[in-house]
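Close look at the chain arrangement
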Amino acid sequence: MKLSDLKPAPGSNKPRKRVGRGPGGTDKTAGRGHKGQKSRSGAGKGQFFEGGRSTLISRLPKRGFNNVGITFEVVNLSQLDALSGESFDRAGLEAAGLVRRKDRPVKLLARGSVSRAVTLHVDAASESAIKAVEAAGGKVVLAEPKPPHSVEKKPR
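Please read all numbers here as calculations on a predicted model, not as lab measurements.

**Observations regarding the overall build of the chain**
Broken down by element type, the chain carries 4 helices and 6 strands. Tracing the chain from N to C terminus, the helices and strands come up as α-β-α-β-α-β-β-β-α-β. In terms of overall dimensions, the chain is more spread out than a globule: its C-alpha atoms have a radius of gyration of 32 Å, far above the 15 Å expected for 156 residues. Considering only C-alpha atoms, the chain reaches an extent of 85 × 70 × 45 Å along its principal axes. When the 156 residues of the chain are sorted by exposure, 16% land in the buried category. Within the chain, counting contacts between residues at least 6 apart in sequence, those at least 24 apart form 43% of the total. For the chain, the accessible surface area stands at approximately 13,200 Å², while carbon and sulfur atoms represent 53% of it.

Dropping the structure here:
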């Protein structure tokens, strides 16, 4: 027996049903009946549809805190102490693997300590982190905050 001799068991492979392709049982309405939501393409009510009442997620009580503010990429002082170099900007922090998400601003936090003078260019920093870097003889340069973009009104 060879690989080319293998065949499926008789009756196990059926041709697919080609609906809506002329007379023969599943033509015209293609087995969907006449009109109505379930006869249309893309029909269905969705996985979580509950007959028109409020969905379960909207009926359950909401608890906790939902942060709608800015999510930062966090860099700690102890992580900086492990790196070699004197000046770090976003590109340097990304190359070192401390910053991964390019769509988030970078914030310096004071966890750990820094033992040498370093210059940092970050978007935000905690006051204690700035004091710790300056105490070691370094400098923290904060980026200018971007002004919120305003919607221009069209002349009427």
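**Section: unusual backbone geometry**
In this model, Ala30 sits at a positive phi of 55°, which is unusual for a non-glycine residue. In this fold, Ala30 is placed in the segment before helix 1 (56-59). With a phi close to 55°, Lys35 is a non-glycine residue in the positive phi region. Within the secondary structure, Lys35 sits in the segment before helix 1.

What counts and how
Residues numbered from 1 in each chain as written. Predicted model: local features only at pLDDT ≥ 70, side-chain atom pairs only at ≥ 80, totals over all residues. Heavy atoms only, no water. Helix = DSSP H or I, 4+ residues; strand = E, 2+ residues; numbered from the N terminus. Rg over C-alpha atoms; globule rule 2.2 N^0.38 Å. Buried < 20%, exposed > 50% of the residue type's maximum accessible area, 1.4 Å probe, protein only. Contact = heavy atoms within 4.5 Å. Areas by Shrake-Rupley, 256 points an atom, 1.4 Å probe, with all protein chains shown as cover.

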